[in-house]
Amino acid sequence: MTAGGDTAEGRPETAAPAAIELRGISKAFGPVQANKDIDLRVPKGSIHGIIGENGAGKSTLMSILYGFYKPDAGEILVNGQPLTIADSQSAIRAGIGMVFQHFKLVQNFTVLENVILGVEDGRLLRPSLAKARGVLKQLAAEYGLNVDPDETIEELSVGHQQRVEILKALYRQADILILDEPTGVLTPAEADHLFRILRGLKAEGKTIILITHKLREIMEITDNVSVMRRGEMVASVRTAETSAEQLAELMVGRKVLLNVAKAPARPGAPVLEVRELKMVDDEGVERLRGIGFDIRAGEILGIAGVSGNGQTQLLEILGGYPEKGSTLSGAIRLNGRDLPLSGGGCNAAERRRQGIGHIPEDRQVEGLIMDFTAWENVAFGYHHAPEYNRGWLMDNAAIRDDAEGKMERFDVRPRDAALAARNFSGGNQQKIVVAREIERNPDLLLIGQPTRGVDIGAIEFIHKRIVELRDAGKAVLLVSVELDEIMSLADRILVMFDGRIMGERLPHQATTGDLGCLMAGVDPATTAPEDAIPPAHKHVEELPGESA
Amino acid sequence: MDFATVIQILDSAVRLMTPLLLACLAGLYSERSGVFDIGLEGKMLMAAFTAASVAYATGSAWLGLIAGVAGSMALSLVHGLSSITFRGNQLISGVAINFLASGLTVLLGQKIFGLGGRTPSLTGAGRFPEIQLPFAAALRDVPVIGPIYAELISGHTILVYVAFLMVPLTWWVLFRTRFGLRLRAVGENPASVDTAGVSVTRLRYAAIAICGLLCGLAGAYLATGLSAGFVKEMTAGRGFIALAALIFAKWRPWSALGATFLFGLLEAIANRYPNLDLGIVTIPSMFMNALPYILTVIILAGFVGRAIPPRAGGEPYVKER
Amino acid sequence: MDKMPKWADVILTPLISLILAMAISALVILAIGESPWEALTTMVDGALGSSYGWGFTLYYTTNFIFTGLAVMVAYHASLFNIGGEGQAAMGGLGVALVLLYLPLPHWALALPAAMVGAALFGAAWALIPAWLQAKRGSHIVITTIMFNFIAAAALNYVLVNLLRPVGSMDPASARFPPATHLPKLSEMAAGIGLDWGRNTPVNVTFFVAIAACLLVWLLIWRTRLGYEIRALGRSEPGALYAGINPVRIIVIAMLVSGGLAGLMAINNVMGESERLVLNAVEGAGFIGIAVALMGRNHPFGVFLAALLFGFLYQGGGELALWTSIPRELIVVIQALVILFTGALDNMVRMPLERIFLAMRKRGRA
């Protein structure tokens, strides 16, 4: 068996021995080649970033490493030893731990029970629990991973749940820790705390693989970075020797157009006025804490923020379907008329009649019925429209004709209206939704994450259509977690944090750092930052001493 | 109503609740592991038939018991194949199993015994004898405690005692052992178990095997303990009452004991007083028979203490990408 | 791309499931020492070999069309209605009350009135489970099972204590007025000088059932309500986004479903027994599950599957009459059909998909 170091091909990181080395890994799901001939070398005791767009194959690669999938071809070496990772058990035995994007925790179990699950000592629980309690205390002291071992998971904040996942891996004596998009659900402050933990782990000699699509994190914490694009590993470089711009270019495969070509906005009268909008969900958590803004005709208002800070609720409320069991207060006015916040008049069909279009955040669950044909989906939400109906029955021929026209104009491929929605690619699915909503010519278009999981070509197309709608004098509300998208499309930017609006910026004045602070709940303009941090509640982590 | 009558009704309740309790605990294991089982009825029926047939043929209630467990387990395996291996609809599979048992028992029974689906009556060692606990005869005349001990506690078949012992045992297994921890975890979030390197499939098969075993005991008790032989459709909805009790008990072992006792008591009262005269109103037996179902609907409606089933229940586990 | 062509999905998979079910049934028959071939010929002969056999086969088919459609409509809203049995029983009560207490001079008036009664009572029995599912999230499978038992107990009480004529020991209602007698197909045939199906129960309700198939098809695939039912059945968040009210659709779908199950009573209670008896439904509500699954939740498929089960039911009866195979054989076949088309669907489908994928690859190469 050759040691990992001998075969490395003169990459920048050959100095240290490799904790993990992948050679020629390939994996296909049916016709989709998720991983193509991947080589990767992760030196021991380093933090290695893997970056790439959604669908670039990062998660598949890591799932292979954790024994979830068997690669079609290729070799895995752990600490220089070739290894077949048939299942998660063998990955754990090889010292690999994984923190998934969606936590794999049992909600009604305690922290302790979650930690020992699968690695109990013996058939009885009591000794295992006692041992784990001791180990957890030690780990907490060592790495600052404080969690109450007897708390049930459902009572913990997201940040703490993530710590439990890390503790689980460490309890299994993982030397190699893989984190899949760990900051997606965290506030910037929580993310910083996580990074401190990761640095501590690195100092103890652990190897960390960080999968993300956020350049800022890569630049901040990693030693080396590998870039994936469409299933291939396109580059591996030292972080210190690269730049965010260079990585971005590698990621998408060409210069990123940071600015969409558009004329300055010529805003008209206010179309949407939101005043003091508050929302408390069915568990009593205040999701919106008094939101107010206007959108005028002919302007795109962007809402930036880490996901989970109330944007989804805002879109749902404006779209007419607030979460079940929630209570609302405040006012929404469309073209000067009050819209009901509850009761019979508050539903998505009514909102559409009033002239509100909506491209939802999740097209696969909300925007489309995946088993319906493309033409049936073109009528989705507008199935009561007179042109789609003839008396008691729906006019399927008319819907079909309309669908074919829309698919033509929006270049949806394959151009087969009888095909079920699930058989289109992400970008083409989104085009069907966008075509349906934009061609209704709404006074106000709500857009959530318009380009999530959409290929570059479709992104440009969709952005162009949004700007066209604006230029036609319509109001657009754009919610996106992609700061770049907000900066290049929006005419004004609001930043949401913890159910409130932290501040407003104009895109040409705003910097990423400035917006990042707002997204973290810190207003750089005020001198006493702790005032800006809202009182802690169930879903926001308390970080003693960090806000000062 | 005098004391002796109360004892008699309670004694009858204990006998009638035993199959319910066993089936209810059977369902508890299965559903706690995330596999819904509305096929308890069919498994019990099949077990009752195989137990009675083998007990008749061999003259041994114990061999009958083994056959009963085997019959029930065979149907459990079918349920496992469809709901675990082939990730089918667990509810539909349960429905199919109920019909399969209902048809096969009569079909085979008619062929073997030619009695229109009945088995011949069991006598002697073909049935489980009633066990007289020590000092039962001696204590009989002691007031209050005597009848309770001699009539209520003593004098049941072995399977009654097994059923009652299963309650603390199930509690202990579920909450004090590694297997129990994993079983509960797989019913709440199978991905947590899978990523911990434990096989979801194996755990769920283990759970439905236990479910089959307990349903087998329940069926065998019906045919060789409570009655003397198998009669067509002899479970008479008990599997569904057990299911109701499981929901009523919110999937907890001790509560299952309480729920099945309540339902057994209702049946005992309905048997003794076909028209229960309460002075103001007369309650027909039909109402008493329907009461378990009505109570379950009320519980399900969530007006009195909401029943929340295991989170991953009913969903076949598919690894996400 | 879909893994296999639509025709394979619609025709091939249920067909293979049926063949599997039949093959296992044949093994069972072999196991009890009878000849499967003889059993089959007895069944075909008894069910389809004479107008008498057809008369019964079509009578049963009529029952199963209604209960199959009932399961199907609910299924499109992603609701598994196992309560057809209780809803059909309650439909019978509705029919009985209308016919016993309304003075209806002619069957042509009695039929629509009884249909209203049947549908209303069936729908009412589905309403509480529907409402509990929509508003409280109570699992409809469990509640409809419970409601089957409650219906049986309630009907038992009503027949014994309320509807039983004075002096009768039978737990059954009085006979319906002769004026409400529904024309049998045999009588209609005799009217045009044909001797067809004498002494068989099939009656005009058969045509009502066929009309119901057409109407249900229109409802599900041609109306806005059907569109909303199908959309909700596939994605509840999607339905909310599209302005579809889940509570309303769940309740309406279950009302339609319960109403269809209830309508079965026109056939068995009004058309056949002409009085309400205990356990009039005889498991037809459950057979509806097999019929809907086998018929791939399409009215035409339901019609064909109902015909198949009508044949099995009548053939099974003949089997019990002429051989030593009890009629429970068809319960076994029914169970196997449910198992293979419903629960073990993937077992049939996965190998098929693989075959089609391989064939497509070869076709391309």
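Residues numbered from 1 in each chain as written. Chains lettered and ligands numbered in written order. Predicted model: local features only at pLDDT ≥ 70, side-chain atom pairs only at ≥ 80, totals over all residues. Heavy atoms only, no water.

**Comments concerning the overall build of chain A**
Working step 1: Assigned secondary structure in chain A consists of 19 helices and 22 strands.
Working step 2: For chain A, the proportion of its 548 residues judged to be buried stands at 56%.
Working step 3: Counted over contacts in chain A with a minimum sequence separation of 6, partners at least 24 positions apart contribute 68%. (Helix = DSSP H or I, 4+ residues; strand = E, 2+ residues; numbered from the N terminus. Buried < 20%, exposed > 50% of the residue type's maximum accessible area, 1.4 Å probe, protein only. Contact = heavy atoms within 4.5 Å.)

**Focus: the overall build of chain B**
Working step 1: What chain B contains, in helices and strands, is 13 helices and 2 strands.
Working step 2: Its C-alpha radius of gyration of 20 Å places chain B within 12% of the 20 Å reference for a compact globule of 321 residues.
Working step 3: Taking the principal axes of its C-alpha atoms as reference, chain B extends roughly 70 × 50 × 40 Å.
Working step 4: In chain B, buried positions account for 60% of the 321 residues.
Working step 5: Sequence separation of at least 24 residues holds for 77% of the intrachain contacts in chain B that already meet a minimum separation of 6.
Working step 6: Of the accessible surface of chain B, which amounts to about 11900 Å², a share of 66% is contributed by carbon and sulfur atoms.
Working step 7: Separation between the mean location of the 23 positive side-chain charges and that of the 15 negative ones in chain B comes to 10 Å. (Rg over C-alpha atoms; globule rule 2.2 N^0.38 Å. Areas by Shrake-Rupley, 256 points an atom, 1.4 Å probe, with all protein chains shown as cover. Lys, Arg positive; Asp, Glu negative; His and termini not counted. Charge placed at Lys NZ, Arg CZ, Asp CG, Glu CD.)

**Quick look at the interface of chain A and chain B**
Working step 1: The interface of chain A with chain B comprises 29 residues on the first partner and 23 residues on the second.
Working step 2: Between chain A and chain B lies a buried interface of about 2300 Å² when both sides are counted; carbon and sulfur atoms form 55% of it.
Working step 3: Considering only the side of chain A, the residues that lose the most area to chain B are A:F68, A:K104 and A:L125, jointly responsible for 24% of the buried surface there.
Working step 4: The partner of B:R311 in a salt bridge is A:E154, with the nearest N and O atoms 3.5 Å apart.
Working step 5: On inspection of chain A and its partner chain B, the count reaches 8 residue pairs in polar contact (both at pLDDT 80 or more).
Working step 6: Among the elements of the structure, α3 (88-93), α4 (111-116) and α5 (125-143) of chain A are those that each provide at least two residues to the side of chain A that touches chain B.
Working step 7: Ranked by the residues each element gives to the side of chain A that touches chain B, the list is headed by α3(A), at 3 residues.
Working step 8: Class assignment for the residues of the side of chain A that touches chain B results in 15 nonpolar, 7 polar and 7 charged. (Buried area = accessible area lost by both parts, 1.4 Å probe. Salt bridge = Lys/Arg side-chain N within 4 Å of Asp/Glu carboxyl O. Polar contact = N/O pair within 3.5 Å; in protein donor to acceptor, adjacent residues only side chain to side chain. Nonpolar A, V, L, I, M, F, W, Y, C, P; charged D, E, K, R; others polar.)

**Digging into the packing of helix α2 (residues 40-58) of chain B against helix α10 (residues 200-226) of chain B**
All names here are of chain B.
Working step 1: Two elements in contact, α2 and α10, have axes whose closest approach is 7 Å; the angle formed by their N-to-C orientations is 55°. Considered as vectors, α2 and α10 are oriented oblique to each other. By crossing handedness, the relation of α2 to α10 is classed as right-handed. Contacts between α2 and α10 involve L40, K43, M44, A47, A48, A51, A52 and A55 from the first element and C211, G212, C215, G216, A218, G219, A220, L222, A223 and T224 from the second.
Working step 2: Each residue belonging to the contact of α2 with α10 can be placed in one class, and the counts come to 13 nonpolar, 4 polar and 1 charged. (Axes fitted to C-alpha atoms, helices over the stretch in contact; angles between N-to-C directions. Parallel < 35°, antiparallel > 145°, perpendicular 65-115°, else oblique. Left-handed = near helix turned anticlockwise from the far one by under 90°.)

**Here we look at the UniProt feature "transmembrane region" (unreviewed entry) in chain B**
Residue and element names in this part refer to chain B.
Working step 1: The sites that UniProt annotates as "transmembrane region" (unreviewed entry) are residues 12-29, 49-79, 91-113, 158-175, 205-231, 251-270 and 290-308.
Working step 2: Between the end C-alpha atoms of residues 12-29 there is a gap of 27 Å, over a span that is 100% helix and 0% strand.
Working step 3: End C-alpha atoms of residues 49-79 are separated by 19 Å, and the span's content is 94% helix alongside 0% strand. (UniProt positions renumbered as here; feature names shortened; annotations may be inferred.)

**A look at the packing of aromatic side chains**
Working step 1: By the definition in use, this model includes 24 aromatic pairs over all chains.
Working step 2: Ring centres 5.4 Å apart and planes at 65° place the aromatic pair B:F99 and C:F286 in the edge-to-face group. Within this pair, whereas B:F99 is found in helix α4 (residues 90-113), its partner C:F286 is found in helix α12 (residues 284-294), the two belonging to separate chains.
Working step 3: Among the aromatic residues, those joined into a cluster by ring pairs are C:Y59, C:Y60, C:F64 and C:Y313. (Phe/Tyr/Trp six-rings, centres within 6.5 Å; stacked < 30°, edge-to-face > 60°.)

**Thoughts on the sheet that holds strand β1 (residues 18-29) of chain A**
Each strand in a sheet pairs with another by means of backbone hydrogen bonds, the pair being arranged parallel or else antiparallel.
Residues and elements named next belong to chain A.
Working step 1: Across the sheet, 4 strands lie side by side as β2-β1-β4-β5; this open sheet has antiparallel pairing. In the strand order of this sheet, the two ends are held by β2 (32-43) and β5 (81-83), each with one partner. Neighbour to neighbour, the strand axes of the sheet diverge by 25° on average, direction disregarded.
Working step 2: Relative to strand β4 (residues 73-78), β1 is paired through 5 bridges, and the arrangement is antiparallel. Within the sheet, the bridge partner assigned to S26 lies in β4 and is A73.
Working step 3: Strands in contact with helix α2 (residues 58-65) are β1, β2 and β4; relative to β1, the strand with the most contacts, it is inclined by about 115°. (Pairing = 2+ DSSP bridges.)

**Let's talk about the domain arrangement of chain A**
Working step 1: You can read the domains of chain A as domain 1 (4-252) and domain 2 (270-364 + 442-532).
Working step 2: The centre of domain 1 of chain A, based on its C-alpha atoms, is set 33 Å off from the matching centre of domain 2 of chain A. (Domains from an automatic or database assignment.)

**Focus on the confidence of the model for chain B**
Working step 1: Per-residue confidence for chain B gives a mean pLDDT of 90; residues scoring 70 or more make up 98%.
Working step 2: In the predicted complex, the global pTM is 0.86; the interface-specific ipTM is 0.90. (pLDDT = per-residue confidence, 0-100.)

**Things to note about helix α12 (residues 253-272) of chain B**
For an α-helix the count is 3.6 residues per turn, leaving residues at separations of three or four pointing the same way.
All names here are of chain B.
Working step 1: Under the 1.5 Å per step criterion, the end-to-end length of α12 is 28 Å for 20 residues, consistent within 8% with the ideal 28 Å.
Working step 2: Along α12, the residues classified as buried are P253, A256, A259, T260, F263, G264, L266, E267, A268 and A270.
Working step 3: Those residues of α12 hidden inside the fold are in contact with α1 (3-32), α7 (158-176), α11 (238-248) and α13 (285-301). (Expected span 1.5 Å × (residues − 1).)

**Observations concerning the interface of chain B and chain C**
Working step 1: Listed per partner, the contact involves 42 residues of chain B and 46 residues of chain C.
Working step 2: Buried surface at the junction of chain B and chain C, summed over both partners, amounts to about 3700 Å²; 82% is from carbon and sulfur atoms.
Working step 3: Taken together, the connections running from chain B to chain C amount to 1 salt bridge.
Working step 4: Measuring nitrogen to oxygen at the nearest pair gives 3.0 Å for the salt bridge that ties B:K232 to C:E328.
Working step 5: Remark: the boundary between chain B and chain C carries 5 residue pairs in polar contact (both at pLDDT 80 or more).
Working step 6: For the side of chain B that touches chain C, the secondary structure elements donating two or more residues are α3 (61-85), α4, α11 and α13 of chain B.
Working step 7: It is α4(B) that provides the largest number of residues to the side of chain B that touches chain C, a total of 15 residues.
Working step 8: Split into classes, the residues belonging to the side of chain B that touches chain C amount to 28 nonpolar, 10 polar and 4 charged.

**Comments concerning the pairing of strand β8 (residues 207-212) of chain A**
Residue and element names in this part refer to chain A.
Working step 1: Most of β8 is tucked away, with 6 of its 6 residues classed as buried.
Working step 2: Every second residue of β8 is oriented toward a common face, with T207, I209 and I211 on one face and I208, L210 and T212 on the other, all of them buried.
Working step 3: In this sheet, β8 lies alongside strand β3 (residues 47-51) in parallel orientation, the contact comprising 5 bridges. Counterpart to I47 in the pairing with β8 is I208.

**Some words on the pattern of salt bridges**
Working step 1: A full pass over the atoms with the stated rule returns 54 salt bridges over all chains.
Working step 2: The residue C:R230 makes a salt bridge to A:E376 at a minimum N-O spacing of 2.8 Å. Remark: A:E376 occurs in helix α13 (residues 374-378) and C:R230 occurs in helix α9 (residues 224-234); the pair is interchain, linking two chains.
Working step 3: Residue classification places C:R230 among the buried positions, given a relative accessible area of 6%.

**Some words on the environment of C:I289**
Working step 1: Of note, C:I289 is situated in helix α12.
Working step 2: For C:I289, a relative accessible area of 0% corresponds to the buried category.
Working step 3: Sequence separation between C:I289 and C:G342 is 53 residues, and the spatial gap between their C-alpha atoms is 9.1 Å.
Working step 4: When near neighbours in sequence (up to four residues on either side) are disregarded, C:I289 contacts B:V95, C:V71, C:F80, C:I82 and C:I338.

**Structural notes on the sheet that holds strand β19 (residues 444-448) of chain A**
Residues and elements named next belong to chain A.
Working step 1: As summarised here, the arrangement of the 6 strands in space is β16-β19-β20-β13-β21-β22, forming an open sheet in which the pairing is mixed. Bordering the open sheet on either side are β16 (356-359) and β22 (500-505), each of which pairs with just one other strand. The mean angle between the axes of side-by-side strands here comes to 20°, regardless of whether they run parallel or antiparallel.
Working step 2: Of the pairings in the sheet, the one linking β19 to strand β20 (residues 475-479) comprises 5 bridges and is parallel in character. Across the sheet, G448 pairs through a bridge with V479, a residue of β20.
Working step 3: The strands touched by helix α15 (residues 426-438) within the sheet are β16 and β19, with β16 carrying the most contacts at an inclination of about 175°.
Working step 4: Against the sheet, helix α18 (residues 512-519) makes contact with β21 (492-497) and β22, and its axis sits at roughly 35° relative to β21, the strand it touches most.

**Describing the side chain of A:E366**
Working step 1: As for its position among the elements, A:E366 is in helix α12 (residues 363-367).
Working step 2: Put simply, A:E366 is tucked away with no salt bridge, and the nearest opposite charge, on A:R352, sits 8.2 Å away.
Working step 3: A polar side-chain atom of A:E366 sits 2.9 Å from a polar atom in the side chain of A:Y321.
Working step 4: Ignoring any residue separated from it by four or fewer positions in sequence, one finds A:E366 in contact with A:E316, A:Y321, A:P360, A:F380, C:P237, C:G238 and C:Y241.

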